[in-house]
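# Architecture at a glance
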Number of protein chains: 2
Amino acid sequence: MNVDVLLFRNFETLDAFGPVEILGSVPGFSVRCVSPNGGMVVSVQGVRVWTEPLGTGSEPEVLLVPGGMGTRALVGDPAYLAGLKDVAERSAHVLTVCTGSALLAATGLLDGLRATSNKRAFDWVVSVNPSVRWVSCARWVVDGKFYTSSGVSAGMDMALGFLEDRLGRAEAEAAARRIEYVRNADRDEDPFAR
Amino acid sequence: MNVDVLLFRNFETLDAFGPVEILGSVPGFSVRCVSPNGGMVVSVQGVRVWTEPLGTGSEPEVLLVPGGMGTRALVGDPAYLAGLKDVAERSAHVLTVCTGSALLAATGLLDGLRATSNKRAFDWVVSVNPSVRWVSCARWVVDGKFYTSSGVSAGMDMALGFLEDRLGRAEAEAAARRIEYVRNADRDEDPFAR
């Protein structure tokens, strides 16, 4: 299963690399970092990551969209959103972490669907597109092919939930044990909801 | 506080970027990725990260050493270990995640000190240097300037513990809340010990 991780300037480091750690260690999963034109992309925390150009190579079966301060500019960038909408439509599964759901919502693809996001940026996320059925208390939300998670570390729980839905509970538990991670396995239990 | 993250071929992605997420978001902390000669370094999960040459720029106050399959070759590389020993001696604090402690142990700097590591690679880690007082049940261990953590995600708890020791409990709790992380705050509580 090909996983494309869509990076942009000022993405949040763990939003991307928590799920990359989990999905990238499952036999049969292949993860790569992408951006519209490829090249080096720098995270909020200053990590410089090499990306392949979006649309090259195999079609992604999974698209992962992190959040971070970089989303604030991109939700107002029509060309970027058109590219994101195109790749998201072609992907079998789309996973967002933190304010990555605001970016996806700005494409219109989440209109009328249930989704969540970082609880500390929630008002801003809702303001980006109020036509989404935003869920204010959830570790992560699944609606059709879209998985959206709460802030930063919640992306790891969502990635494990995605694995569980695809491969079963035993595989998800094994993936959590491999990284010695105390999993939050209940998507509706949200310790950080207001 | 300058934090140098020492990367090498086949480092474990989250070992590095869990602590980077946490430490790199604290005001006054500055994180960069380094390797002996600089350049691109690829993780076990295929993430390509740009590194600065070790020894350039400001002296690191914190050295972070991840683990991963890449440590297996490096524990037998005298030139690499000499460089690691040198920078570790000059750093005020040295933090290792997972099998990063085996790499540090191979330099001799942990001889006679308490340390821990990934519980799934524990026998190998002990075999690298039995002169370390290896702790088989701990989320993370502190001995002097050395912080060593259990596998992968335990590095995040260790990073929060390090912050707590430097800046106090409130700052550590705030850092965990910022990333919506359900912290394992007790270093002696190890759900993955055998």
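Higher on the page you've got the structure.
Summary of the structure given here. (Residues numbered from 1 in each chain as written. Chains lettered and ligands numbered in written order. Predicted model: local features only at pLDDT ≥ 70, side-chain atom pairs only at ≥ 80, totals over all residues. Heavy atoms only, no water.)

## Focus on the packing of helix α1 (residues 13-23) of chain B against helix α6 (residues 154-167) of chain B
All names here are of chain B. Where α1 meets α6, the closest approach of the two axes is 8 Å, and the angle between their N-to-C directions is 30°. When the axes of α1 and α6 are compared, the crossing they make is right-handed. Contacts from Leu14, Gly18, Pro19, Ile22 and Leu23 in α1 reach Gly155, Met156, Ala159, Leu160, Phe162 and Leu163 in α6. Its residues placed into classes, the contact of α1 with α6 shows nine nonpolar, two polar and no charged. (Axes fitted to C-alpha atoms, helices over the stretch in contact; angles between N-to-C directions. Helix = DSSP H or I, 4+ residues; strand = E, 2+ residues; numbered from the N terminus. Left-handed = near helix turned anticlockwise from the far one by under 90°. Contact = heavy atoms within 4.5 Å. Nonpolar A, V, L, I, M, F, W, Y, C, P; charged D, E, K, R; others polar.)

## Some remarks on the environment of Asp15(A)
Residues and elements named next belong to chain A. By secondary structure assignment, the location of Asp15 is in helix α1 (residues 13-23). Residue Asp15 is classed as buried on the basis of its relative accessible area of 0%. In this structure the C-alpha to C-alpha distance between Asp15 and Gly68, which are 53 residues apart in sequence, comes to 7.9 Å. Among residues more than four places away in sequence, those in contact with Asp15 are Leu64, Pro66, Gly67, Gly68, Val97, Cys98 and Val152. Among the polar contacts listed, one links the side chain of Asp15 to the backbone nitrogen of Gly67, at a separation of 2.8 Å. (Buried < 20%, exposed > 50% of the residue type's maximum accessible area, 1.4 Å probe, protein only. Polar contact = N/O pair within 3.5 Å; in protein donor to acceptor, adjacent residues only side chain to side chain.)

## What about the relation of the copies chain B and chain A?
One chain copy maps onto the other through a rotation about an axis and a shift parallel to that axis. Screw-axis analysis of chain B against chain A gives a translation of 0.0 Å along the axis, an RMSD of 0.0 Å, and a rotation angle of 180°. On the angle and the small slide along the axis, the relation comes out as a two-fold axis. Relative to the rotation axis, the closest C-alpha in chain B is found at Val49(B), a distance of 2.3 Å. The residues that chain B uses at the interface reappear at the interface of chain A in 100% of cases, marking a shared surface. (Least-squares fit on C-alpha atoms with pLDDT ≥ 70 in both.)

## Some thoughts on the interface of chain B and chain A
Often the size quoted for an interface is simply the accessible area lost on bringing the parts together. With 34 residues of chain B at the contact, the number on the chain A side is 34 residues. Summing both partners gives a buried area of about 3000 Å² for chain B against chain A, and 60% of it is carried by carbon and sulfur. When the buried area of chain B at its contact with chain A is split by residue, Gln45(B), Glu180(B) and Phe192(B) rank highest and sum to 23% of it. Scanning the region where chain B abuts chain A turns up two salt bridges. Where Arg178(A) meets Glu12(B), a salt bridge forms, and the shortest distance between an N and an O atom there is 3.2 Å. On inspection of chain B and its partner chain A, the count reaches 20 residue pairs in polar contact (both at pLDDT 80 or more). The set of elements that each furnish at least two residues to the side of chain B that touches chain A consists of α1, β4 (48-53) and α7 (169-178) of chain B. A per-class count over the side of chain B that touches chain A returns 15 nonpolar, 10 polar and nine charged. (Buried area = accessible area lost by both parts, 1.4 Å probe. Salt bridge = Lys/Arg side-chain N within 4 Å of Asp/Glu carboxyl O.)

## Notes on the pattern of salt bridges
Throughout the structure, instances matching the rule amount to 24 salt bridges over all chains. Where Arg187(B) meets Asp165(B), a salt bridge forms, and the shortest distance between an N and an O atom there is 3.8 Å. Taken together, the residues Arg187(B) in the segment after α7 and Asp165(B) in helix α6 connect sequence positions 22 residues apart. Via salt bridges that share partners, Glu164(A), Arg169(A), Glu173(A) and Arg183(A) belong to a single interconnected network.

## Some points on the nonpolar core
Membership of the largest hydrophobic core comes to 123 residues, with the highest contact counts inside it found for Val5(A), Phe17(A), Leu23(A), Val5(B), Phe17(B) and Leu23(B). Sequence-distant contacts of Phe17(B), that is, excluding residues within four places in its chain, are made with Thr13(A), Leu14(A), Phe17(A), Val47(A), Phe11(B), Cys33(B) and Val49(B). (Core = buried A, V, L, I, M, F, W, Y, C linked by side-chain atoms within 4.5 Å.)

## As for the state of the cysteines
A covalent bond between the sulfur atoms of two cysteines is what we call a disulfide. A full pass over the atoms with the stated rule returns zero disulfides over all chains. Looking at the unpaired Cys33(A), the closest cysteine sulfur is the one in Cys33(B), lying at 13 Å. Cysteine Cys98(A) remains unbridged, with the sulfur of Cys137(A) as its closest cysteine sulfur at 16 Å. (Disulfide = S-S within 2.5 Å.)

## Brief notes about the environment of Ser149(A)
All names here are of chain A. Mapped onto the elements of the fold, Ser149 is located in strand β10 (residues 146-149). Using a relative accessible area of 0% as the deciding quantity, one classes Ser149 as buried. Note: C-alpha distance between Ser149 and Ala172 (23 residues apart in sequence) is 17 Å. Non-local contacts of Ser149, meaning those with residues more than four positions away in its chain, are made with Thr96, Val97, Cys98, Thr116, Ser117, Asn118, Arg139, Trp140, Ala154, Gly155 and Met158.

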